[in-house]
Amino acid sequence: MNRVYIKTYGCQMNERDSEAVAAMLRVRGYSIVESEAEADVVLLNTCSVRDQAEQKALGKAGRLLKDRGRGSRMQVLGVMGCMAQNRGRALIDSLPDLDLVVGTQKFHQVPDHLDNLMATLRGLGPRPASIVDIDAEAGSQNAIRGHAATRQVSAFVSIMQGCDMRCAYCIVPKTRGPERARPMDEIVEEVRRLADNGTREITLLGQIVNHYGKREFPVLGGKSPFVQLLEKVHAVDGIERIRFTSPHPVGFREDLVACYRELPKLCEYIHFPMQSGSDRVLRAMRRPYTRARFLRTVEALRRANPGMYFSTDVIVGFPGETDEDFAETVTLFDTVKFDMAFIFKYSVRSGTEAEALGDTVPREVKEARNQVLLERLEALSVARNCLLVGTVQEVLVEGPARKGDGVYMGRNRGNRKILFPGSAQLAGEFVPVRIVRATATVLYGEIVDAAG
Ligand code: 5AD
Ligand code: SF4
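Residues numbered from 1 in each chain as written. Chains lettered and ligands numbered in written order. Predicted model: local features only at pLDDT ≥ 70, side-chain atom pairs only at ≥ 80, totals over all residues. Heavy atoms only, no water.

Visitor: Talk me through the site of ligand 1; I want residue IDs and the actual numbers.
Guide: Residues in contact with ligand 1, as listed here, are Val-49, Arg-50, Tyr-169, Gln-275, Asp-313, Ile-315, Phe-344, Lys-345, Tyr-346, Ser-347 and Arg-349. Side-chain polar atom of Gln-275 to an oxygen atom of ligand 1: 2.7 Å apart, as the coordinates give it. With respect to ligand 1, the side chain of Asp-313 contributes an N or O atom lying 2.6 Å from an oxygen atom. A total of 400 Å² of accessible area belongs to ligand 1 in isolation, and the protein chains cover 85% of it. At the level of elements, strand 13 (309-316) and strand 14 (340-345) are the ones that each hand at least two residues to the shell around ligand 1. Of the residues contributing to the shell around ligand 1, the split by class is five nonpolar, two polar and four charged. (Near = heavy atom within 4 Å. Polar contact = N/O pair within 3.5 Å; in protein donor to acceptor, adjacent residues only side chain to side chain. Areas by Shrake-Rupley, 256 points an atom, 1.4 Å probe, with all protein chains shown as cover. Helix = DSSP H or I, 4+ residues; strand = E, 2+ residues; numbered from the N terminus. Nonpolar A, V, L, I, M, F, W, Y, C, P; charged D, E, K, R; others polar.)

As structure tokens, this is what we get:
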């Protein structure tokens, strides 16, 4: 009884947390399996950022428990992460057969809790009582450090937890707690170990990465702790590409912009959450910048590197958003020419400041605005990708593409997905690929041989 399946909902932080929990469980002798059907233990690592994400995980948990009642293999079901933190014991009220609820500061306790649950189940007594572990814990950000045992060409490294901003719509400060940074040296050491194991690309992760260490470390020579960290990671041999996600526009100062001129390994791709293009809505959202300031930072970044790629997050239908406000979002979206974007329909989250504003924009209006931006995005990304047809891109090969047939997948520095005919020994290598065809989301190409 030691096969665990972890299903992850939500963002890259959650993916990273799941990976770290999997590493902890492996050390304890559990094996990690790829499907719930083979698993004795199922852990759902959940997201609370929109109601839909919570409903999805709740539905899944309900179905898994029902299947257990009908004799499925699964013995233990746990819910971890943001929804566990957000709902806590109330989860047990709605799903009384749930075994385990583990909050965002308690991931490192999962192995102990599973050991205990398993031991009780092996004794032939009654089912063990549900465990709810959702307290805050000092230093918990340092627990997210273990990685897969096999080589990861591209790896994520969690540098901090939590968020001190108070965006009116956002539940993250509640689910993830205040900003807590990991020590710089530990992060660099983790990156070094990954590089020794063959990792070539690192993505630094945090709710607001550019606020990294603001409280813990001093500014040195005009450089923020985050910029100091970038420089240290840059110095690690074997790491050839560095990315990070997500920054807040407000913390994007000149020292960070300058990194795009001075640190060649830093890829010219930035996820730059805009949320809205209307100053009025930005103010209501408590996003402390204007569209003019957002645009100025984008321009400064393009001056630092003219090839810069941008992606973003936008929320449509924030309470009170008018047609005029939305039109401002569309014009800013078009002016920046985003290459990638996640468009979200506003979802009321309980406990947030915006909850009191209600949900005033009708569903059909949100849907229509969502559609408008998706169409703009499609046009912008096709246009940008078409410019790449005929060029040779440096591609870091990640592995076989999902569709197989000798097709391999990698990314250029701009994080564009590129498919090409290749072979297994290319995984982890940088290859020159000539782009022959483009869609909004994928580029197709051929490796340029040494003579060509
Ligand atoms: N409704 C819709 N989208 C939201 N986001 C955060 N909170 C909400 C909400 N209540 C979006 C923001 C954020 C992304 C991760 O999720 O755009 O950048
Ligand atoms: Fe949420 Fe705003 Fe913090 Fe991002 S910066 S996690 S949107 S509160």
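Visitor: Just give me the short version of the sheet that holds strand 7 (residues 154-158), but keep the residues and values in it.
Guide: Here we have three strands laid out as an open sheet, ordered 7-10-11, and parallel in their pairing. At either end of the open sheet lies a strand with only one pairing partner, and these are strand 7 and strand 11 (241-245). Here the strands of the sheet are splayed against their neighbours by 25 degrees on average, with no regard to which way each runs. Against the sheet, helix 1 (residues 12-27) engages strand 7, strand 10 (201-205) and strand 11, with an angle of about 95 degrees to strand 7. Its contacts with the sheet place helix 7 (residues 184-196) against strand 7 and strand 10, and it is angled at close to 165 degrees to strand 7. (Pairing = 2+ DSSP bridges. Axes fitted to C-alpha atoms, helices over the stretch in contact; angles between N-to-C directions. Contact = heavy atoms within 4.5 Å.)

Visitor: So what about the nonpolar core? Which residues, and what values?
Guide: Formed by 58 residues in total, the largest nonpolar core has its most connected members in Ile-159, Leu-230, Phe-244 and Phe-333. Not counting residues up to four positions away in its chain, the partners in contact with Ile-159 are Ala-181, Arg-182, Ile-187, Leu-204, Leu-205, Val-209, Tyr-212, Phe-226 and Leu-229. Among the nonpolar cores identified, the runner-up in size contains 23 residues, and Leu-58, Ala-61, Leu-65 and Leu-98 belong to it. (Core = buried A, V, L, I, M, F, W, Y, C linked by side-chain atoms within 4.5 Å. Buried < 20%, exposed > 50% of the residue type's maximum accessible area, 1.4 Å probe, protein only.)

Visitor: Summarise the pattern of salt bridges; cite the residues concerned and give the values.
Guide: As a working rule, side chains carrying opposite charge can pair if their charged atoms are close by. Throughout the structure, instances matching the rule amount to 33 salt bridges. Between Glu-268 and Arg-413 there is a salt bridge, and its shortest N-O distance comes to 2.8 Å. You can see Glu-268 sitting in the loop between helix 9 (254-262) and strand 12 (269-271) and its partner Arg-413 sitting in the loop between strand 16 (407-411) and strand 17 (417-421), a full 145 residues away along the chain. (Salt bridge = Lys/Arg side-chain N within 4 Å of Asp/Glu carboxyl O.)

Visitor: Give a description of the pairing of strand 17 that names residues and reports values.
Guide: Bridge count between strand 16 and strand 17: five bridges; the pairing is antiparallel. If you follow Met-409 over to strand 17, its bridge partner there is Leu-419. Hairpin remark: strand 16 followed by strand 17, antiparallel, with five residues in the connecting loop; positive phi at Asn-415, about 70 degrees. Inspection of the sheet shows strand 17 paired to strand 19 (residues 442-447) by three bridges, in the parallel sense. The partner of Leu-419 across the bridge, within strand 19, is Tyr-444.

Visitor: I'd like a rundown of the domain arrangement of the protein, residues and numbers included.
Guide: For the protein, the domain assignment lists domain 1 (3-133), domain 2 (140-387) and domain 3 (392-447). For domain 2 and domain 3, the distance between their C-alpha centroids amounts to 25 Å. Listed per partner, the contact involves 21 residues of domain 2 and 21 residues of domain 3. Between domain 2 and domain 3, the buried area comes to about 1600 Å², and carbon and sulfur atoms account for 51% of it. (Domains from an automatic or database assignment. Buried area = accessible area lost by both parts, 1.4 Å probe.)

Visitor: Please give an account of the side chain of Arg-384 that cites residues and values.
Guide: As for its position among the elements, Arg-384 is in helix 13 (residues 363-388). A relative accessible area of 18% means that Arg-384 is categorised as buried. A polar contact is formed between the side chain of Arg-384 and the backbone oxygen of Gly-307, at a distance of 2.8 Å. Excluding residues within four positions of it along the chain, Arg-384 makes contact with Gly-307, Met-308, Tyr-309 and Asp-339.

Visitor: Before we move on, can you summarise helix 2 (residues 51-69) with the specific residues and values?
Guide: An ideal rise of 1.5 Å per residue puts 27 Å on 19 residues; helix 2 measures up with 27 Å between its terminal C-alpha atoms. Within the sequence span of helix 2, burial applies to Ala-53, Glu-54, Ala-57, Leu-58, Lys-60, Ala-61, Leu-64, Leu-65 and Arg-68. Take helix 2 and look down its axis: the buried residues cluster within an arc of 160 degrees, on one side only. In helix 2, the exposed positions that point more than 90 degrees away from the buried face belong to Gln-52, Lys-56, Arg-63, Lys-66 and Gly-69. The elements touched by buried residues of helix 2 are strand 1 (3-8), strand 3 (41-46), strand 4 (76-81), helix 3 (82-87) and helix 4 (90-94). Gly-71, located one to two residues past helix 2, shows a positive phi value of around 95 degrees. (Expected span 1.5 Å × (residues − 1). Arc of directions from axis to C-beta.)

Visitor: With reference to specific residues and values, describe the site of ligand 2.
Guide: Neighbouring residues of ligand 2: Cys-163, Met-165, Cys-167, Tyr-169, Cys-170, Val-172, Pro-173, Gln-207, Ile-208, His-248 and Arg-287. Its residues placed into classes, the shell around ligand 2 shows eight nonpolar, two polar and one charged.

Visitor: Quick one: what's the story with the packing of aromatic side chains, residue by residue and with numbers?
Guide: Overall, the coordinates contain 10 aromatic pairs when judged by the stated rule. Ring pairing ties together the aromatic residues Phe-252, Phe-272, Tyr-289, Phe-294, Phe-310, Phe-333 and Phe-338, which thus form one cluster. The ring of Tyr-9 has Lys-7 sitting right over it, with the charged end atom 5.3 Å from the ring centre. Directly above the ring of Tyr-444 sits Arg-437, whose terminal nitrogen or CZ lies 4.1 Å from the centroid. (Phe/Tyr/Trp six-rings, centres within 6.5 Å; stacked < 30°, edge-to-face > 60°. Lys NZ or Arg CZ within 6 Å of the ring centre and 35° of its normal.)

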